[in-house]
Each structure stands twice: as C-alpha cells, then as structure tokens.
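Residue-level listing of the chains:
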Amino acid sequence: MFRKLAKAFINISGANLDRPCFGDVWVLGNGETLKKLNISKFKDILKTCNDPILACCNGFFYKNDFVELFNEKNIHFFVSDPYILDYLRYLIGVQKTQFIIGDLEVNDNYVSQAIASIWGDDLPVQAKASLYFDIYSIHNALKRPSITWNVPYTWAAVLRLLSVKKITYISPYALPSEALLLKKVLSQFFPKKILRLVNPIGPAILNIAIIKFLDSKSKSVNILGHNDNLNFRDFDLTANSFRLKYDYWWTNRNTFYLRTDSFYEYIDIMLNNMGVEKILQSRFDQKLAYFSKSHLHFYCHSSKYRDLLDE
C-alpha cells in the first residue's frame, strides 16, 4: 500500500503543469467509430484547422491510416498502461543482450514469444489481445523520433534508454466515480492546473489526454473513437456476468470482454461523467466536442462536422 502511495505521489508531483499553446486538437481513440470516419472529409477539415494536433494512445500506431495526416512533430502519444511499461523494460533487456532495437524484426512470432516470456499464462484475455497491437504500436512509435510521449514521471528513465527524446509527464490519478460531488466541485471551482493532477473524468488514458489539452491553451479539443460502446448490441448480460464489446478501428471482428464491474456500476460511471462533462463544457468556453453516432456525451456533442462520420 505504501509503495502504491509513494508511486502516486511521484507521478503527481512530477506531472507537467505548464500550459502550452496548441491549435485544434484531435483526440483519436482506438474504438470502432474511426471505421466510420470519412477520410476525404477529414483531410479537408484538417486543412482548415489551426496547426492540427493528434493525440492518440496505446495501439494506435498499429496502422498508419490517420498518423500520416498529421505533422509528426504535432503528434502526442499517451501511454500509462503498466503492461506496456513491463514490455518496455523487457525491450531494454533485449537491446542489451541481442539487438539494436531498430534492427529487431517485429512479427507475430516475436510478439507471441515476448508476451509468453514476460507474463506466461497470467495475463487476462483482454490484456493479451490488446498487447498484441500495443507491441507493434510501440515499435512504430519508437521509429518516429519527433512525436511527444506523454507518460507518468516514473517512465522517463526507461524511455530514455530506448532513445526517446521528447517526453512530457502526466498524472494517471483520477477520482473514483462515486466521488461525484467532489468531482463536480473540482471541475467547477479549483484552479485549472489541479485538473491535470486529479482527473475528474476517469483513469482511461484518453481522458488524461482530453484534460491535458482542455486545460492547455488550445483552440478546440475534438474527440472520436472514445467511450462509444453505448448501443444495446454492445452489451452481453448473461447470468451474473457483464461483457462489453470492444472492436478496434483496425480490426473486423466483434469481441466481448468480461468486465470486473457490474452493468449498473458501468452505467453509473457514464452518468456521473455526464455531470462532470456538463461543467467542463461550460467552463472551457465550449471547446470540448465528441463526435459519434452512439454515446452519452450529450453535453459535449457537436454537429459542427455533421458529415464527418459515414453511416
């Protein structure tokens, strides 16, 4: 317990609190909404944006479909998953004993062997499926020296050993969903910099990205492919179990993963976040907008780019 508290304190105290200037920020998640993104229209929109920024996370670099639309120096990669940190440490060991990372052949066989070597059979099914894409993504990100890595403070030494130069720090700490009153008070009354230390909309890595750019001097924060699974077809309530569909934008299969919370606890989190988002939307001059055909971000929904998503 003490070790966890100490690590949280280090990450919070090391978080970057400056407020840099950005143009129009596009926070693109890994959800299936991006399959419906009209690339041609998106390109046209980006041409009208003020120095467009891409914020992405985890397995996003598995494919380059959207990465190539942005200037590499304007790409921010957010990562805080401890499984990915385990892999980065493993990669340092590989680098010391076997290969220069740039010469390492990353293929399905290598990825399977790496996962088996690090975690054996102890890895949850969803984590294993995600790491398959994450590992490819990490290597593709390492090949792009101009992108900025946004990570917990304790990750810095590991990334520097992998020759990552552009690093900024985030705090992965978030208030629990049941602390709704405290989250509303924090969002409404506290100084803006506090928001990047204690995230009121949850621990998901894209929520951390949203708060960072919302709290920065950015023109707009536009979100696609995040928390979009709110269609009845995306839930599987069998007996006492609750499974939620998650389909990455680069895959063509529907996969249901068992959640540790209940269906009603999950909905409570969504509803609580709606209340916080209402405050954030009014507080930050309407610059926060979600784009999706199926979500509960009603207070942050925008029709500005009505034809951005195909049916």
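Predicted model only: the values in this text are computed from it and were never measured.

A. Layout of the sheet that holds strand E8 (residues 241–245). If you trace the three strands from one edge of the open sheet to the other, you get E7-E8-E9, paired in antiparallel fashion. Only two strands of the sheet have a single partner each, and these edge strands are strand E7 (235–238) and strand E9 (256–258). Adjacent strand axes in the sheet meet at a mean angle of 25 degrees when their direction is disregarded. When E8 meets E9, the two strands line up antiparallel, connected through three bridges. Within the sheet, the bridge partner assigned to Arg-243 lies in E9 and is Leu-258.

B. Spatial organisation of the layout of surface pockets. What the second largest pocket holds in volume is close to 250 Å³. In this structure, the second largest pocket is lined by Glu-32, Thr-33, Lys-36, Asp-228, Asn-231, Arg-233, Asp-234, Lys-245, Ser-292, Lys-293 and Ser-294. In the lining of the second largest pocket, the residues fall into no nonpolar, four polar and seven charged.

C. The nonpolar core, seen in detail. In this structure, Trp-26, Leu-28, Phe-60, Phe-77, Trp-149 and Leu-224 are the most contacted members of the largest nonpolar core, which totals 60 residues. For this core, the leading source of residues is helix H5 (residues 125–142), giving eight residues. Ignoring sequence-local partners within four residues, the contact set of Leu-28 consists of Leu-34, Phe-42, Leu-54, Ala-55, Cys-56, Phe-60, Phe-66, Leu-206 and Leu-224. Judged by nonpolar contacts, the second largest core, of 30 residues, contains Phe-78, Leu-206, Phe-213 and Tyr-290.

D. Seen up close, unusual backbone geometry. Non-glycine residue Asp-51 carries a positive phi angle of around 50 degrees. Here Asp-51 shows up in the loop between helix H2 (39–48) and strand E2 (53–57). Residue Asn-58 is not a glycine yet carries a positive backbone phi of 45 degrees. Topologically, Asn-58 is positioned in the loop between E2 and strand E3 (75–78).

The rules behind each value
- Position numbers for residues count from 1 along each chain, tracking the sequence in the order it is written.
- Local features in this predicted model are restricted to residues whose pLDDT is 70 or higher, and side-chain atom pairs enter the listing and the counts only when it is 80 or higher, whereas totals over whole chains, interfaces and linings include all residues.
- Values reported for side chains reflect all heavy atoms of the structure, with hydrogen atoms and water molecules removed beforehand.
- Only strands that DSSP links by at least two bridges are regarded as paired with each other.
- What counts as a helix is a DSSP run of H or I of at least four residues, what counts as a strand is a run of E of at least two, and both are numbered from the N terminus.
- Between the N-to-C directions of two axes lies an angle of 0 to 180 degrees, each axis being a line fitted to C-alpha atoms and, for a helix, fitted only over the stretch in contact.
- Buried and open spaces are told apart on a 1 Å grid over the protein atoms alone, a cavity being a set of points where a 1.4 Å probe fits but cannot get out and a pocket being an open set with protein on both sides within 12 Å along at least five of seven lines. Residues with an atom within 4 Å of a point are the lining residues.
- Grid points are joined across faces, edges and corners, and a volume is the space filled by probe spheres set on the points.
- Under the convention adopted here, Pro, Cys and the residues Ala, Val, Leu, Ile, Met, Phe, Trp and Tyr are nonpolar, Asp, Glu, Lys and Arg are charged, and Gly plus all remaining residues are polar.
- Residue types Ala, Val, Leu, Ile, Met, Phe, Trp, Tyr and Cys, when buried and joined through side-chain atoms within 4.5 Å, form a set referred to as a nonpolar core.
- Each residue is assigned to one of three classes by its accessible area relative to the maximum for its type, calculated with a 1.4 Å probe on protein chains only: buried under 20%, partly exposed between the two thresholds, exposed over 50%.
- Contacts between residues were defined by any pair of non-hydrogen atoms, one from each residue, lying within 4.5 Å.

Coordinates in, geometry out; function isn't part of it.
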